[in-house]
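Understanding the architecture of this molecule
Residues per chain are reported as follows:
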Amino acid sequence: LLLVDDHKLVRSGFQLILEAQENINVIAEAENGDKALKYLAQVQPDLILTDIHMDVMDGLKFIRHVKALYPIVKIVVLSMDDKIQTIHEALNSGADGYLLKSSHVDEILFGIKQVMDGMQYVSAALVIELINYLAQYIDPQIDKKEIMVKYEISERELSVLELIAEGYTNAEIADKIF
């Protein structure tokens, strides 16, 4: 693993946490994307853990450079930035995961493992925020006719299903629909 962050204390802290794991080895650290690219010219790690906001070369530009030069290297963003636009840009740039520095250590380790296993991962807190963000663009109106056609059910059957979903018992449903 290559650790890229502009704060020495953050790099040192995460290095201690990561190296305490038996299956993670921090092979190098860098304070910005430019220095990390110089290191990558010599050795490619399996995974890069990088911040987004850094001097000289920010994380987004760094991710694009790495993916262009070394497409098989996995990249996980570890940042305090929880803005949806930044997350979108990072993932579009080629990041395989996005973790918040405020996440619990167990989640950070889990996210790294998921990415190393070939999946993408985004911090749970961000997923909830993304769902809430997307909900404002979803039409709350349900097309009942489309549902009836799709599942080949009658209007009466749909009414019964709605009552079941609302938690009514068989006896209560019978009373409601006579």
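Please refer to the structure placed before this passage.
Residues numbered from 1 in each chain as written. Predicted model: local features only at pLDDT ≥ 70, side-chain atom pairs only at ≥ 80, totals over all residues. Heavy atoms only, no water.

1. Concerning the overall build of the protein
Condition: Starting at the N terminus, helices and strands are each numbered in turn, a helix being any DSSP run of H or I of at least four residues and a strand any DSSP run of E of at least two. Two things to know: the radius of gyration comes from C-alpha atoms, and the globule rule equals 2.2 Å times the number of residues to the power 0.38. Working definition: with a 1.4 Å probe on protein chains only, accessible area under 20% of the residue-type maximum means buried, over 50% means exposed, and in between means partly exposed. Contacts are assigned to residue pairs with any non-hydrogen atoms lying within 4.5 Å of each other. Per-residue and other accessible areas follow the Shrake-Rupley method at a 1.4 Å probe size, with only the shown protein chains counted as cover for residues.
When you go through the protein residue by residue, the secondary structure sums to 9 helices and 6 strands. Expected size for 178 residues packed as a compact globule is a radius of gyration near 16 Å; at 23 Å, the protein overshoots this value by more than 25%. Considered along the principal axes of its C-alpha atoms, the protein spans approximately 75 × 30 × 25 Å. Going through the 178 residues of the protein one by one, you find that 39% of them count as buried. For the protein, long-range pairs separated by at least 24 residues make up 53% of all intrachain contacts whose partners lie at least 6 apart in sequence. For the protein, the computed accessible surface area is about 11,000 Å², with 56% contributed by carbon and sulfur atoms.

2. Here's the deal with the sheet that holds strand E1 (residues 2-4)
Quick reminder of the rule: The criterion for strand pairing is that DSSP finds at least two bridges linking the strands in question. Axes, fitted as lines to C-alpha atoms, cover a helix only where it is in contact. Angles between the N-to-C directions of the axes lie from 0 to 180 degrees.
A sheet is described by the order of its strands in space; here 6 strands give the open sequence E2-E1-E3-E4-E5-E6, paired in parallel fashion. Of all strands in the sheet, those bounded by a partner on one side alone are strand E2 (28-30) and strand E6 (121-122). Of the pairings in the sheet, the one linking strand E3 (residues 47-50) to strand E4 (residues 74-79) comprises 4 bridges and is parallel in character. Within E4, the position partnered with Thr 50 by the bridge is Val 77. Here helix H1 (residues 8-19) sits on the sheet in contact with E1, E2, E3 and E4, set at roughly 160 degrees to E2.

3. Focus on empty space enclosed by the protein
Test applied: Here a cavity is any set of points on a 1 Å grid over the protein atoms alone where a 1.4 Å probe fits but cannot get out, and a pocket is any open set with protein on both sides within 12 Å along at least 5 of 7 lines; a residue lines the site when it has an atom within 4 Å of a point. Grid points are joined across faces, edges and corners, and a volume is the space filled by probe spheres set on the points. Amino acids outside the nonpolar list (Ala, Val, Leu, Ile, Met, Phe, Trp, Tyr, Cys, Pro) and the charged list (Asp, Glu, Lys, Arg) are all regarded as polar, and Gly is one of them.
Counted under the stated rule, the structure contains 1 cavity of 30 Å³ or more. Of the voids in this model, the largest cavity is the one considered here, and its volume is about 30 Å³. Every residue along the wall of the largest cavity is listed here: Leu 3, Val 4, Asp 5, Val 10, Phe 14, Leu 49, Thr 50, Asp 51, Leu 78 and Lys 101. Among the secondary structure elements, those contributing two or more residues to the lining of the largest cavity are E1, H1 and E3. Broken down by class, the residue content of the lining of the largest cavity amounts to 6 nonpolar, 1 polar and 3 charged.

4. A few points about helix H2 (residues 33-40)
Applied cut-off: To obtain the arc, one takes the directions from the helix axis to the C-beta atoms. Polar contacts, as used here, are pairs of N or O atoms within 3.5 Å; protein pairs need one atom able to donate a hydrogen and one able to accept it. Residues neighboring in sequence count only if both atoms are side-chain atoms.
Those residues of H2 not exposed but buried are Gly 33, Ala 36, Leu 37 and Leu 40. All buried residues of H2 project into a common sector of 100 degrees when viewed along the axis, lining one side. Contact partners of the buried residues in H2: E1, E2, E3 and helix H3 (59-69). Structurally, the start of H2 carries an N-cap: the backbone nitrogen of Asp 34 is 3.0 Å from a side-chain oxygen of Asn 32.

5. Digging into helix H4 (residues 84-93)
Along H4, the positions that sit buried rather than exposed are Ile 84, Thr 86, Ile 87, Ala 90 and Ser 93. Lining the buried residues of H4 we find H3, E4, strand E5 (97-100) and helix H6 (124-135).

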